[in-house]
Amino acid sequence: MPPSIHPVDLISALRQKHLTPAIVFLTSRRACDEAMEAFDHANCVLPTTRQEAIAKALEQVMARHPSIAEHPLISIVQRIGVAAHHAGHLPTWKIAIEELMRQGHLDAVFATTTLAAGVDFPARTVVITQSSIRKSRDFTDLTAGEVQQIAGRAGRRGKDHVGFAVITPSPYIDLSVLTKGLTGQPEAIDSQFTISYPMVLNLLKAHPHEHIQGILAKSFAQFQLNQRAEVLEQKLDALHIKMEPFGPRVCTDWITQWHTFDHARRHRHTRHPTYRAEPPEISARLPFLTPGRVVGFSRGRGIVLRQYRSKGQRNSMLTVLRPESAVTECPVTSVKEVYDRTYDCPETSAYPWCSTDTFDRLSHQLEELPLRLPLLPILVSSNNEPLPDAIVQSLEDFSCPTCPSRSACQKDFLTASRLRQEQQRHTKSIQALRTSLWHRFQERVEVLQTFGYLTLTTQLTAEGEWARLIRIDHSLLITELIRAEAFTGADPSLLAGILASLAHDDDRPGAFPRISPGLSSLLGQVRKLAESLSPYEDPPLLRADVAALVERWVADQTLTWIGLCRLTTMAEGDIYRLLARTLEYLSQVQTLKGTHAGLAESASQAITAIRRGVLEELP
Amino acid sequence: MTTDELEQLLAQQPVAVLHRLARGRVQRHFRAGKRRLIELLLQHSSQNRAGFESDLLTLIGERQAGPTSGSPRRHEAPPIAHKKAAIRSSESEPSDPPVSLTEWLQGLGVPAPQPFVQDPWQIEALAAVSETDVVISVPTGSGKTYVAIEAARRAMEENRSVIYTSPLKALSNTKYAEFSKIFGPDKVGILTGDRQENGQAPLLVMTTEILRNLLYDAASGEIDVRLDTLGLVILDESQYLADPERGVVWEETIIFCPSQARLLLLSASIGNPQDIADWLTSIRSTPCRLVRHSKRTVPLRAGYLHPNGKLTPLFRTLGIPQGHPGHLHPEAKHLFMEYEEETLPSGRPRR
Ligand SMILES: Nc1ncnc2c1ncn2[C@@H]1O[C@H](COP(=O)(O)OP(=O)(O)OP(=O)(O)O)[C@@H](O)[C@H]1O
Ligand SMILES: [Mg+2]
């Protein structure tokens, strides 16, 4: 069995079941073109009346768009009533096919999935052959929205009772992507807001700096950030409620007070500073391994009676109460778990380091512990700064040891401080969510100040005044090139060539036509500058081949469209798009006539030179 | 409700409800204990008693309705529990027999010509757009263009100008031709970066980038197209808002759209149209109206065509079983498994 259905068989099958007209979505242009070749010698020709109708309709379109007259696919379109429609074709060709399809002359159009959103024609049937799409070099699965956009082309209002989406497999198809896409919900839109240099310049041109934050706040990005912040605020509210029992005691801020006291106390007890020997995950535990703490070992549990460190021992040591009132000494490293459970255990100065009463009570409590105990979440931080000596010295100043709420504080401290940490984390995230756009804006401002487009008081400088008119990708590179006088004296073809090397939207390199020394050295300069700007702006994929191609088109006015296409391996649709995008870039440069008369003039000459032949046919 | 009753009702609520009520009303409410919170809330309620009481009742209602409905309302995707249920139920196949190919193909054909009748959603959208911004989220091929054309016609009749944008030059060209046919070539213009055709016409077609640039120029005072008479801005295919590279242009355009002009956003179905509408409401002078539905006007059926030419329905049901991707037609399932067996090189793990 063939890996996928042959295009001729596909069309016969669709015709036989009256499922035409159909749009067949294929993965690549190559696949579309190959499908067309498959019809070259096929004998599934249309009856003459339909052939004539197509010829007539084509003639009408040709009158408006003469460039399609010599299209190699014309004969297949006329004889068989099928066509290909993808980005490799000229826009005029695509218009012609769309027109034929709308008038109902064609049985099938082979198109690429990439095009689904830009196609302005429906059909009775849509044929889907793949579940993934090529997006910037990689294949990614179609989203539910995309599957629905593609399948949605099926069923013309007023011309069909029903529409059909037919899946026919090809290797590597993932059927579940398609079935999920067909039966599921389209994805939610997520803001893709970014702050570009021209945006900053244009905003500051029209609004005072202090208004900008309010303007950025109007973005959908901020709207969505606020939604996230609101969710966090609800969590924060919940935390505030959980914190209620831990409100003010004798001290207004007993948590900090206890923390400092506890820390100081421990530091005085351990003669050797904790930061010396242990890895951070051990030393992070030390503060919690205080008398009364329940811990787990590889076998059984215990309650800490004291923590100490003796000379010659690498690790801090613990004295632990184990089941059946056993008392053992062990290194802290043997502790496997630290539980979120402590018992009151006032220390004494001699074995067993607590009073007999306490010892008996703890022994009993250890036996009674439930099977499951919550673990204590311990943050491991690498900079466990020791307290300054002053605090340790003034331990006597603390009122904690004699305070009536001492035991409550000792008991609650860990829960309360964990809640408070969580609160602080949420508060920080909320703040970040609310202000992140503004910070990104400020970063851009700083760069523009460094480069002299903005003054320190965020006014546009003379340079900023014109630079804000360049509102395209790589704007910083282009304005810096202009400031470096890279284009001074450059003729229109050179200017167009350089802009083309920035403007193309394609990463598939074509063949190299001969490149002029002038263009080659200028490209070198652009590349160098782009590299030096890379901390501030992603460098472009400079394509010398397209630069040379556009240079030729502008410089050699006798060059025909066919002649141009022969110079390269690029498809004519791609060449057209390249020139169209170059026109866009040139038109922005052209707006600089007030400050850069020569450059603007050069751009406008290039525009006139590019606009000929096929490029004259559409606005 | 008397103040005493209100106080009593408040006292009966858990603190969490009081805090939610206090948000946006009482500053630093989380610092207050329950008693104090009630006091503060009562104090505040004197400003807008009705609003306060209705909010309180909603909150109480939400609590009684169970925890899910109390969660933030914005997430329109079905909650996870629901999704899981959907998947589980897809495992247990329905007991009705699967559709046959003949049934599946039935009804195929061209409907008799019918007089044009506006769809209810089109009427709703057109009525709304004369007063406020409108977001339309309906499936492909529903007739969004009709709304755009009628809305443009009405605005022009009131001597207001209209801008129509699409994401793609190709689409702009098609619409330019289409609108010129409808309104007459003198009424429609097109703007590209380096060209203006009939740039003073009341209805201008352009890509969204060009409009964004116009709005920047207008903001800084230099402008060659008049925006003060602008009455309507139509953003077609506005699901491009989610485009990684170009989405930002739609946001800029919407942020800087003059306040006297109505915005009309047309999009194919998207997951969170309410979010978009809420966003517009939050930044524009009038509350945005959302017009949405997900039912296709021409019903869609899915089929499976085997490379050997055999055609079967894809799903057990005639239509597309929403939420049940697993309800495959046994024959389609069988054929596809066979296909995978044959095409997968042995040893390659199957997805
Ligand atoms: N109320 C109606 N009754 C019958 N046909 C209609 C109605 N409204 C629109 N149509 C027809 O529906 C077809 C599809 O409309 P349109 O192109 O506007 O779809 P759309 O919603 O813009 O879809 P897309 O997402 O593909 O852009 C058109 O042929 C149009 O004439
Ligand atoms: Mg449309």
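Residues numbered from 1 in each chain as written. Chains lettered and ligands numbered in written order. Predicted model: local features only at pLDDT ≥ 70, side-chain atom pairs only at ≥ 80, totals over all residues. Heavy atoms only, no water.

Caption draft 1: Here's a closer look at the overall build of chain A. Across its full length, chain A carries 23 helices and 12 strands. Over its C-alpha trace chain A gives a radius of gyration of 37 Å, far above what one expects of a compact globule, namely 25 Å for 619 residues. When its C-alpha atoms are laid out on the principal axes, chain A stretches across 110 × 65 × 45 Å. Out of the 619 residues in chain A, the part that is buried amounts to 54%. (Helix = DSSP H or I, 4+ residues; strand = E, 2+ residues; numbered from the N terminus. Rg over C-alpha atoms; globule rule 2.2 N^0.38 Å. Buried < 20%, exposed > 50% of the residue type's maximum accessible area, 1.4 Å probe, protein only.)

Caption draft 2: View of the overall build of chain B. When its secondary structure is counted, chain B shows 14 helices and 10 strands. Sorting the 351 residues of chain B into buried and exposed places 51% on the buried side. Considering only contacts within chain B whose residues lie at least 6 apart along the sequence, 65% involve residues at least 24 apart. (Contact = heavy atoms within 4.5 Å.)

Caption draft 3: Layout of the nonpolar core. Residue and element names in this part refer to chain A. Of all hydrophobic cores here, the largest spans 129 residues; its most connected members are F441 and W561. For F441, the residues in contact, after removing those within four places along its chain, are I195, V200, L203, L204, H209, I212 and L216. Counting residues in hydrophobic clusters, the runner-up holds 77 residues, among them V8, C32, I54 and I80. (Core = buried A, V, L, I, M, F, W, Y, C linked by side-chain atoms within 4.5 Å.)

Caption draft 4: Examining the site of ligand 1 more closely. Around ligand 1, the surrounding shell holds 14 residues, and the nearest of these are V117, Q122, G141, K144 and T145 of chain B. More than one chain reaches ligand 1: its neighbouring residues belong to chains A and B. The contact in question runs from a nitrogen atom of ligand 1 to an N or O atom on the side chain of Q122 of chain B, over 3.0 Å. If ligand 1 stood free it would expose 640 Å²; the protein chains cover 72% of that surface. Here the residues of the shell around ligand 1 are counted per class, giving 2 nonpolar, 7 polar and 5 charged. (Near = heavy atom within 4 Å. Polar contact = N/O pair within 3.5 Å; in protein donor to acceptor, adjacent residues only side chain to side chain. Areas by Shrake-Rupley, 256 points an atom, 1.4 Å probe, with all protein chains shown as cover. Nonpolar A, V, L, I, M, F, W, Y, C, P; charged D, E, K, R; others polar.)

Caption draft 5: Molecular detail of the sheet that holds strand β1 (residues 22-26) of chain A. Across the sheet, which stays open at both edges, the 7 strands sit in the order β2(A)-β3(A)-β1(A)-β4(A)-β7(A)-β9(B)-β10(B) with mixed pairing between neighbours. The two strands at the open ends of the sheet, each matched to only one other strand, are β2 (82-85) of chain A together with β10 (311-313) of chain B. Going across the sheet, the axis of each strand differs from the next one's by a mean of 25°, ignoring polarity. Two elements, β1 of chain A and strand β3 (residues 108-112) of chain A, share 5 bridges in a ladder whose sense is parallel. Across the sheet, L26 of chain A pairs through a bridge with T112 of chain A, a residue of β3 of chain A. In the packing of helix α2 (residues 29-38) of chain A onto the sheet, the strands contacted are β1, β2 and β3 of chain A, and the crossing angle to β3 of chain A comes to about 155°. Lying on the sheet, helix α6 (residues 144-151) of chain A is in contact with β1, β4 (125-128) and β7 (163-167) of chain A together with β9 (300-305) of chain B; it crosses β4 of chain A at an angle near 135°. (Pairing = 2+ DSSP bridges. Axes fitted to C-alpha atoms, helices over the stretch in contact; angles between N-to-C directions.)

Caption draft 6: Molecular detail of the domain arrangement of chain A. For chain A, the assigned domains are domain 1 (7-183), domain 2 (275-379) and domain 3 (470-617). Centre-to-centre separation of domain 2 of chain A and domain 3 of chain A, based on C-alpha positions: 73 Å. (Domains from an automatic or database assignment.)

Caption draft 7: Region of the structure containing the sheet that holds strand β12 (residues 337-342) of chain A. Residues and elements named next belong to chain A. Strand order across the open sheet formed by 5 strands is β11-β10-β9-β8-β12, with antiparallel pairing between neighbours. In this open sheet, the two strands that pair with only one neighbour each are β11 (326-331) and β12. Strand-to-strand twist across the sheet, computed as the mean angle between neighbouring axes with direction ignored, equals 40°. Across 3 bridges, strand β8 (residues 293-296) lies against strand β9 (residues 301-308) in antiparallel orientation.

Caption draft 8: Here's a closer look at unusual backbone geometry. Residue and element names in this part refer to chain A. The peptide bond linking T20 to P21 adopts the cis configuration, its omega dihedral lying at 0°. Within the secondary structure, P21 sits in the loop between α1 (7-16) and β1. Not every positive phi belongs to a glycine, and H474 is a case in point at roughly 60°. Position of H474 relative to the elements: it lies in the loop between α16 (462-467) and α17 (475-483).

Caption draft 9: Structural view of the packing of helix α10 (residues 220-243) of chain A against helix α13 (residues 273-283) of chain B. Packing of α10 of chain A against α13 of chain B brings their axes to within 10 Å, and their N-to-C directions diverge by 110°. If you check the angle between α10 of chain A and α13 of chain B, you find them roughly perpendicular. The segment α10 of chain A lies against α13 of chain B, with F220, F223 and Q227 of chain A engaging D275, I276, D278, W279 and S282 of chain B. Residues belonging to the contact of α10 of chain A with α13 of chain B are distributed by class as follows: 4 nonpolar, 2 polar and 2 charged. (Parallel < 35°, antiparallel > 145°, perpendicular 65-115°, else oblique.)

Caption draft 10: Quick peek at the pattern of salt bridges. All names here are of chain A. Summed over all chains, the structure comprises 28 salt bridges over all chains. Note that D160 and R156 form a salt bridge whose closest N and O atoms lie 2.8 Å from each other. Looking at R156, the relative accessible area reads 10%, which means it is buried. Each of the salt bridges in this network shares a partner with another, and the network as a whole consists of R29, D505, D574 and R577. (Salt bridge = Lys/Arg side-chain N within 4 Å of Asp/Glu carboxyl O.)

Caption draft 11: Broad picture of the packing of aromatic side chains. Tallied over the entire structure, the rule returns 14 aromatic pairs over all chains. Taken together, the ring pairs in this structure connect F220 and F223 of chain A together with W279 of chain B into an aromatic cluster. Between R306 of chain A and the ring centre of Y308 of chain A, over which it is positioned, the NZ or CZ distance is 3.8 Å. The ring of W553 of chain A has R612 of chain A sitting right over it, with the charged end atom 3.6 Å from the ring centre. (Phe/Tyr/Trp six-rings, centres within 6.5 Å; stacked < 30°, edge-to-face > 60°. Lys NZ or Arg CZ within 6 Å of the ring centre and 35° of its normal.)

Caption draft 12: A look at the packing of helix α1 (residues 3-12) of chain B against helix α3 (residues 34-45) of chain B. Residues and elements named next belong to chain B. The interhelical angle for the contact between α1 and α3, taken along N-to-C directions, is 140°, at an axis separation of 10 Å. On the basis of the axis angle, α1 is oblique to α3. As α1 runs across α3, the sense of the crossing is right-handed. Residues T3, L6, E7, L10 and A11 of α1 pack against K34, R35, I38, L41, L42 and S45 of α3. Broken down by class, the residue content of the contact of α1 with α3 amounts to 6 nonpolar, 2 polar and 3 charged. (Left-handed = near helix turned anticlockwise from the far one by under 90°.)

Caption draft 13: Examining the state of the cysteines more closely. Residue and element names in this part refer to chain B. For the structure shown, the criterion picks out 0 disulfides over all chains. Take C257: it sits in no disulfide, and the sulfur closest to it among the cysteines is that of C288, at 12 Å. When its relative accessible area of 7% is taken as the criterion, C257 is described as buried. (Disulfide = S-S within 2.5 Å.)

Caption draft 14: Molecular detail of the interface of chain A and chain B. Tallying the contact residues gives 92 residues for chain A and 97 residues for chain B. When chain A packs against chain B, close to 8,100 Å² is buried across both sides, 61% of that on carbon and sulfur atoms. Among the ionic pairs, R157 of chain A bridges to D119 of chain B, the shortest N-O distance being 2.9 Å. Taken together, the links from chain A to chain B amount to 26 residue pairs in polar contact (both at pLDDT 80 or more). With 11 residues, the single largest contributor to the side of chain A that touches chain B is α10 of chain A. The residue inventory of the side of chain A that touches chain B, partitioned by class, reads 39 nonpolar, 28 polar and 25 charged. Here 5 bridges tie β7 of chain A to β9 of chain B, and the two strands are oriented parallel to one another. (Buried area = accessible area lost by both parts, 1.4 Å probe.)

Caption draft 15: Local environment of helix α9 (residues 209-216) of chain A. For α9 of chain A, the set of buried residues is I212, I215 and L216 of chain A. Taken around the axis of α9 of chain A, the buried residues stretch over an arc of 90°, which confines them to a single face. Those residues of α9 of chain A that are buried lie in contact with α8 (197-206), α10 and α15 (406-450) of chain A together with α12 (247-256) of chain B. (Arc of directions from axis to C-beta.)

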